[in-house]
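The primary structure of each chain is shown beneath.
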Amino acid sequence: MIPPLPLYRAAQVRAMDELAIATLAVPAHELMTRAGRAAWELLRARWPAARRIGVVCGPGNNGGDGFVVARFAREAGHEVCVFAPPGMHPRTDAARQALADWRAAGGRVVAFDGVLPEMDVWVDALYGTGLTRPPSEAAQGMIERINASRKPVLALDVPSGIDADTGHAAGAAVQATLTLSFIAAKCGLYTGMARDFDGEVLLHDLDLPADMFAAMTPAARLVVPGGLRRWLAPRHANAHKGEHGHVLCIGGEAGMGGAVRLCAEGALRTGVGLASVATRTSGVAALVAARPEAMTHAVEDAAALAPLLERATVLAVGPGLGQGAWGRSLLQAALDSGKPLVLDADALNLIVQSPRPLPQAILTPHPGEAARLLGIDNAAVQADRYAAAEALVQRYRAVVVLKGAGTIVAGPGQVPAVIGAGNPGMATGGMGDVLSGVIAALHAQGLSAFEAAVAGALLHSAAGDAAARIGGQRGLLPSDLFPHLRRMANPE
Ligand SMILES: NC(=O)C1=CN([C@@H]2O[C@H](COP(=O)(O)OP(=O)(O)OC[C@H]3O[C@@H](n4cnc5c(N)ncnc54)[C@H](O)[C@@H]3O)[C@@H](O)[C@H]2O)[C@@H](O)CC1
Ligand SMILES: [K+]
């Protein structure tokens, strides 16, 4: 079982750096040498045929790491070219020392003049955790030239231009093939825009003792499919269906019956004891024919919903609900029932019209829905997905699943989880309907709201990856996930 990886903000990693220097008496320059050596060893192992190594260095310690890589590469007999923005002077003692060492070894630094020569591999050491604003004009030019070279890029610590806390790029950013992060994993690298820039992300602890930072609460935790077993223990032999909960899926306005079916099937394939559907009369026959295991009821008003609400353990409300009078009345009845809820799609759009605390709910917005729930624009949500998820938790007092690349699950009093699985093939209509059923099923089987949201989002993403491995990402359908959900809901 793979435990969650703790993720930290840049300020926390700076504090770790200072703690290591103070308590272990490891000088900053020594940490920089370890970082540069680790990066050089990775580069050599990953691209053994590379002869010409280009290194771009910025003014801080990230640039210092770059000078160290350059020195090791040169000592190993490679052709190494180091570039820096014109007029760049290192701003820290450690970086100044690394530059002096590079020069003493016979190396030189070329001021970027708008062009970069052909290289076999680029090492990106312009900015790391110290980025405070969009890259300078010269740095932007260097970033654009490196990206245009189509050569492999090893980014040191963070791809330059990416904010280590949010994963957002306010200007140009390096398109890395591989990112080697130092000391601890930065929370920005695992969600949103960063996922388009950081390539494969690896971590090197610079040989600091593993328990040294145990007292520091991480900003988030990355969960990966290898950890699913924590939540999905095998069933005991004497189990009966009453132990596994009863999910009621509410939705399927005329023309949207498929959405509520996807939700119900998601719940069934995640092992719920019973799944019921409350939908429009016109949708019942098709749903019964397609998925007889779902107990489908014609529900035209809140009165018809009442007995179904009573029997349910968890309600999944929203898939295909519509925003008309029918959907509004069923949502209101669901909220009034006091039952645990998963709210998605049109249920969220209806909530926007009358925001209120929803302590019994799990909200599963995509960035557009999150923006509407917060009254801000979509770009503001994506610019800081952690902050947006936390703002939703504060406003609605609910567990929140902010979907997208690197889905974030946040909840009152919880360290947020980032889902370390999923692929862009899942950006397609109906995927969210399946997710709401999966989460509702796990909640109904006894996981807390937060755990069900984390485990459900992880299971759903892992099933999406498994399906994409077989048939590719483009054209992936939500229903392609079902066999994989079932398999992965029973980890070996
Ligand atoms: N903190 C640690 O634990 C360690 C840090 N190391 C490296 O040090 C990095 C952090 O170093 P720094 O804090 O010096 O910061 P950076 O090297 O990330 O660079 C920031 C420097 O550039 C300036 N700057 C920021 N944004 C700019 C912009 N857009 N245009 C122009 N200048 C800009 C800042 O004022 C600062 O001087 C890490 O990312 C890592 O690569 C390693 O040397 C090893 C240990
Ligand atoms: K960098």
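Residues numbered from 1 in each chain as written. Chains lettered and ligands numbered in written order. Predicted model: local features only at pLDDT ≥ 70, side-chain atom pairs only at ≥ 80, totals over all residues. Heavy atoms only, no water.

Here the domain parsing of the chain yields domain 1 (5–219) and domain 2 (226–488). If you average the C-alpha positions of domain 1 and of domain 2, the two centres end up 40 Å apart. Across the contact, 13 residues belong to domain 1 and eleven residues belong to domain 2. In total, domain 1 and domain 2 occlude about 850 Å² of area from one another, counting both sides; carbon and sulfur atoms represent 61% of this. (Domains from an automatic or database assignment. Contact = heavy atoms within 4.5 Å. Buried area = accessible area lost by both parts, 1.4 Å probe.)

Our focus in this paragraph is the coordination of the potassium ion (ligand 2). Listed as protein donors to the potassium ion (ligand 2) are Asn62 (OD1), Asp124 (O), Tyr127 (O), Leu156 (O), Val158 (O) and Ser160 (OG); their distances from the metal cover 2.5 to 3.1 Å. Seen from the potassium ion (ligand 2), its six donor atoms lie at angles of 66 to 172 degrees, and the figure they make is irregular. Sequence positions of the residues that donate to the potassium ion (ligand 2) give the spacing N-x61-D-x2-Y-x28-L-x1-V-x1-S. Here Asp124 is found in strand 5 (residues 121–125), whereas its partner Ser160 is found in the loop between strand 6 (153–156) and strand 7 (178–182), with 36 residues between them in sequence. According to the relative accessible area criterion, Ser160 is buried, its value standing at 0%. (Donors = N, O, S within 2.8 Å, 3.2 Å for Na, K, Ca; no water. Tetrahedral: all angles 85-135°; square planar, octahedral: opposite > 155°, others 65-115°. Helix = DSSP H or I, 4+ residues; strand = E, 2+ residues; numbered from the N terminus. Buried < 20%, exposed > 50% of the residue type's maximum accessible area, 1.4 Å probe, protein only.)

This brings us to the pattern of salt bridges. Two side chains carrying opposite charge are able to pair once their charged atoms lie near each other. Scanning the entire structure with this criterion turns up 15 salt bridges. With its nearest N and O atoms 2.6 Å apart, the salt bridge here joins Arg280 to Glu253. Pair noted here: Arg280 is in the loop between strand 12 (274–279) and helix 7 (281–290) and Glu253 is in the loop between strand 11 (246–250) and helix 6 (257–269), with a separation of 27 residues, a long-range link. You'll find Arg280 and Glu253 in the same group, each marked buried. The shortest N-O distance in the salt bridge between Arg291 and Glu293 comes to 2.9 Å. What makes Arg291 buried here is its relative accessible area of 16%. Residue Glu293 is classed as partly exposed on the basis of its relative accessible area of 45%. Taken together, the shared-partner salt bridges connect Arg261, Glu265, Arg291 and Glu293 into one network. (Salt bridge = Lys/Arg side-chain N within 4 Å of Asp/Glu carboxyl O.)

For the rest of this paragraph, the subject is the site of ligand 1. Taken together, 22 residues sit near ligand 1, with Asn62, Asp65, Gly128, Asp157 and Ile183 positioned nearest. Residue Asp17 places a side-chain N or O atom 3.3 Å away from a nitrogen atom belonging to ligand 1. Take Asp65: an N or O atom from its side chain is 2.5 Å from an oxygen atom of ligand 1. Here ligand 1 has 850 Å² of accessible area as a free molecule, and 88% of this is covered by the chains. Those elements that provide at least two residues to the shell around ligand 1 are helix 2 (28–46) and helix 3 (61–75). Take the shell around ligand 1: its biggest share by element is three residues, from helix 3. Within the shell around ligand 1, the residues separate by chemical class into nine nonpolar, eight polar and five charged. (Near = heavy atom within 4 Å. Polar contact = N/O pair within 3.5 Å; in protein donor to acceptor, adjacent residues only side chain to side chain. Areas by Shrake-Rupley, 256 points an atom, 1.4 Å probe, with all protein chains shown as cover. Nonpolar A, V, L, I, M, F, W, Y, C, P; charged D, E, K, R; others polar.)

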